[in-house]
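What follows is each chain in one-letter form.
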Amino acid sequence: DQGYNAWLSYPELPQGSLQEQYVKWCGAVSVTETDDTVQAALAEWKQGVASMLGIEVQVQAEAALADTAANAPEHSDGTSAGHVIAFGTFGSGNPLINSVFAEADIRKVGREGFAIRTSAEHNCIAVGASAPAGVLYGVFHLLRLIGTLQPIAALDEAVNPVNSLRMINHWDNFDGSVERGYAGRSFFYENNRFIGDMERVRDYARLMSSAGINAIAINNVNVHALETLFISEYLPQVAEIADKFRVYGIRLFLSVNFAGPMQEGGVGTADPLDPGVRTWWQNKAAEIYQVIPDFGGFVVKADSENRPGPFTYGRDHADGANMLAEALEPFGGIVIWRCFVYNCKQDWRDRKTDRARAAYDHFKPLDGRFKDNVILQIKNGPMDFQVREPVSPLFGALTQTNQIIEFQIAQEYTGQQRHVCYLVPQWKEVLEFQTLAKGEASPVKRIVDGSLWGNRHSGIAAVSNTGNDINWTGHLLAQANLYGYGRLAWNPELSAEAIAAEWIALTFGSNPEVADVISRILLDSWEIYESYTAPLGVGWMINPEHHYGPNVDGYEYSQWGTYHYADNRGIGVDRTVKTGTGYSAQYIGSNAARYESLEECPDELLLFFHHVPYTHVLHSGKTVIQHIYDTHFEGAQRAEGLLSSWQTLKDKVREDLYVQVEQRLTGQAAHAKEWRDQINTYFYRKSGIEDQASRTIY
Ligand code: BDP
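Throughout what follows, the structure given in this document is the object of discussion. (Residues numbered from 1 in each chain as written. Predicted model: local features only at pLDDT ≥ 70, side-chain atom pairs only at ≥ 80, totals over all residues. Heavy atoms only, no water.)

For the rest of this paragraph, the subject is the sheet that holds strand β15 (residues 403–408). Read around the closed barrel, the 8 strands follow the order β7-β10-β11-β12-β13-β14-β15-β17; overall the barrel is parallel. Between one strand axis and the next, the sheet turns through 25 degrees on average, direction left out of account. Relative to strand β17 (residues 458–463), strand β7 (residues 165–169) is paired through 5 bridges, and the arrangement is parallel. Counted as the bridge partner of Ile168 is Ala462 from β17. Across the sheet, helix α7 (residues 235–247) touches β10 (215–217) and β11 (251–255), and the angle it forms with β11 is around 145 degrees. (Pairing = 2+ DSSP bridges. Helix = DSSP H or I, 4+ residues; strand = E, 2+ residues; numbered from the N terminus. Axes fitted to C-alpha atoms, helices over the stretch in contact; angles between N-to-C directions. Contact = heavy atoms within 4.5 Å.)

Rendered as structure tokens:
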């Protein structure tokens, strides 16, 4: 399958006591509901059990109670006539669900959650939920337990997603290209048409739902002329995708063009306070909800990187977002308004302007002015998905606004899915960051899950890394980011290690040696990538436009505001209040003080906040220049080590998967050397300082 089934490939389980336990339980399933989503869960269950355990599941659609263990005969295939798995919504007529779960259990289960219990009394493992989507999540959960060899004989828990919105943003264009896409082309569109491959759309929805995703925006935030027609001419095709998503508990969103009313003609302005514009959007919303009754809403990139927006009319972001929110409100829709707003035409000679400041400067003053069906979507860092950035100071600064964090699963700046870079540890670090907004107990994860400020809407969004490549993500190991993102959005408490272990078992099976090697590769990969690319939080140093490969001065004298300020004496961006751009003051209390202070600033962010001489000594005891040399030599060597580790798995993982990864890791090892040499040479020549270890620098 070349990786197409990804973490739903359901590898056959090894013989043993656990496998026997599963076989005993999984012979029969009781499902009495005909709802599409519950039926999709049933289909998944049958497929998973057949593939992992080699059992054809007997479906009891009748509302019969299972026999008790006492009179349960064993069958020759190891299944037991008395044992049954039951799933369904509470009170829907499945007597097993209704007898296993009491009122008190039901109260613990939210809109999308589920309860799961192994009941000895009923000889049944029951998955009960308030709604069909919860049933599906519960079934995926049980399949995951089996796929990762967890015991199921004594289950008893209620599971609810921590974040209510768990979203994927596609940057797919109607012409079939994918902005920052590294896994082929779009599987939704080609050549300004909908491809209509509904099987692929369904398989995608299955994958996403199994990882916990419940919202997907299907088109690029940069909305081009033809894509503005997604909310009119192409609505029937959009609705067809929404129908597939709905079965898997996923709501469809669309990115819209703020200048839509003008693009489509009829209205001569896009001024958010103009009555004609307001009516136009209200009518649009009504049209959309007629064909997609559970439409999620709009994603908007406005007044950013040449996109239209309210500024043209002297209005602000709140005016713009609220106007759209008003149109969606009667139907329960939401507006997701992005905070990625900055001046991409700044004067590079002006050392006081600082792109890092922009999102906060624009949005902090608007806190409290947005309608409650508006959500601000904030990138994790103040710049743009670099391998290392501080956390956006907007987290903590907005106290009266719905907000979600935006990650980028697509590895635009982290190796473009040619290098392995498992990003879950990075995302975890961001989510754990203490903003100090309400004292010590204010990590980002509690802001984005809505609990810190009691927001009506909350959650996480991320830019997709998928395309029409057979394995969805180009690099097979990049599937771990997609899976891991969903799992983390569902439950930010999961560790990066645990998520990696799940993904490995579900994808490659349960050989412990395989698991060890792949887990190490994944868990080391972010650090390795960071070590041979831009040092100490300074970022960028990549080729302009496509953003792949080293180019230290690529953006140095450009208007995009992405600088390192390296000269013969030193390097780094002075973002202090005392002598720099003042960015550090956007943080709260001791965070601001720590970043402001040259002594206290953490090494990994030093050059993000300070301009220092090459001889500046880090907390690690090394000078900046020696740190650059050492990390780059080590990094390139460790990249080679990733390849040799992988090669120990030859004949231990499926051949079709093995070769894909071997090929990518070979490319990475070579490319890491190119990074090493360009960066080291550049700084050797700039600084004139010798490497203490006298290694060859060109
Ligand atoms: C940057 C990408 C650019 C996107 C932009 C965005 O380079 O292609 O359009 O972000 O998030 O990372 O809008």
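Below, the discussion takes up the pairing of β11. Across the 5 residues of β11, 4 count as buried, placing the element largely inside the fold. Sheet topology places β10 next to β11; 3 bridges connect them, and they run parallel. Across the sheet, Ile216 pairs through a bridge with Leu252, a residue of β11. Crossover connection from β10 via α7 to parallel β11: handedness right-handed. The pairing of β11 with strand β12 (residues 297–300) spans 3 bridges and is parallel. Bridge assignment links Ser255 to a residue of β12, and that residue is Val299. (Buried < 20%, exposed > 50% of the residue type's maximum accessible area, 1.4 Å probe, protein only. Right-handed = clockwise from strand over helix to strand, strands pointing away.)

Note on aromatic pairs: each is described by the distance of the centres and the angle between the planes. This structure, assessed with the given rule, holds 47 aromatic pairs. On the basis of an interplanar angle of 65 degrees and a centroid distance of 5.4 Å, the ring pair of Tyr529 and Tyr532 is categorised as edge-to-face. On the criterion of helical spacing, the pair formed by Tyr529 and Tyr532 is a turn pair, its members being 3 residues apart in helix α17 (residues 512–532). As far as burial versus exposure is concerned, Tyr529 and Tyr532 are alike and both buried. Ring-pair connections join several aromatic residues into one group, and the members of that group are Tyr4, Phe174, Phe187, Phe188, Tyr189, Phe194, Tyr204, Phe230, Tyr234, Phe245 and Trp472. The positively charged end of Arg349 is found above the aromatic ring belonging to Trp348, 5.7 Å away from the centroid. Just above the ring of Tyr548 sits the side chain of Arg418; from NZ or CZ to the centre is 3.9 Å. (Phe/Tyr/Trp six-rings, centres within 6.5 Å; stacked < 30°, edge-to-face > 60°. Lys NZ or Arg CZ within 6 Å of the ring centre and 35° of its normal.)

In this section: the pairing of β7. With 5 of 5 residues buried, β7 lies mostly within the body of the structure. Burial of β7 is two-sided: the residues Leu165, Met167 and Asn169 facing one way and the residues Arg166 and Ile168 facing the other way are all buried. Summarising the sheet, β7 and β10 pair through 3 bridges and their orientation is parallel. Within β10, the position partnered with Asn169 by the bridge is Ala217.

Let us now look at unusual backbone geometry. Here Glu545, not a glycine, exhibits a phi torsion of approximately 70 degrees, which is positive. With respect to the helices and strands, Glu545 occurs in the loop between α17 and β18 (570–571). You can call Glu545 exposed: its relative accessible area is 65%. A positive phi angle, close to 55 degrees, is found at Tyr565, a residue other than glycine. With respect to the helices and strands, the residue Tyr565 is situated in the loop between α17 and β18.

To summarise the sheet geometry, strands pair through backbone hydrogen bonds and adopt either a parallel or an antiparallel arrangement. Read from one edge to the other, the open sheet built from 6 strands follows the order β2-β1-β3-β5-β4-β6, with strand pairing classed as mixed. Of all the strands in the sheet, the pair left with one neighbour each is β2 (58–60) and β6 (156–159). When strand polarity is set aside, the average angle formed by the axes of neighbouring strands in this sheet is 15 degrees. Here strand β4 (residues 114–119) pairs with β6 via 4 bridges, running antiparallel. By the bridge assignment for β6, Ile116 is matched with Glu157. Docked against the sheet, helix α2 (residues 36–53) engages β1 (28–30), β2 and β3 (84–89), running at close to 155 degrees with respect to β3.

Moving on to the side chain of Asn373. For Asn373, the location among the structural elements is in the loop between α11 (358–363) and β14 (374–379). For Asn373, the side chain forms a polar contact with the main-chain oxygen of Ala325, separated by 2.9 Å. Look past the residues within four positions of Asn373 in its chain and what remains in contact with it is Ala325, Leu328, Glu329, Gly333, Ile334, Val335, Arg456 and His457. (Polar contact = N/O pair within 3.5 Å; in protein donor to acceptor, adjacent residues only side chain to side chain.)

Turning to the pattern of salt bridges, a few remarks are in order. Within this structure, the stated rule accounts for 40 salt bridges. A salt bridge links Arg369 to Asp319, with the nearest nitrogen and oxygen atoms 3.2 Å apart. Of this pair, Arg369 sits in the loop between α11 and β14 while Asp319 sits in helix α10 (residues 317–328); the two residues are 50 residues apart in sequence, bridging distant segments of the chain. Judged by relative accessible area, Arg369 falls into the partly exposed class, the value being 38%. For Arg456, the salt bridge is made with Asp372, and the minimal N-O distance between the two is 2.8 Å. Here Arg456, found in the loop between α14 (444–448) and β17, pairs with Asp372, found in the loop between α11 and β14; they are 84 residues apart in sequence, far enough to count as distant. Here the salt bridges share partners, and the residues they tie into one network are Glu44, Arg202, Asp203 and Arg206. (Salt bridge = Lys/Arg side-chain N within 4 Å of Asp/Glu carboxyl O.)

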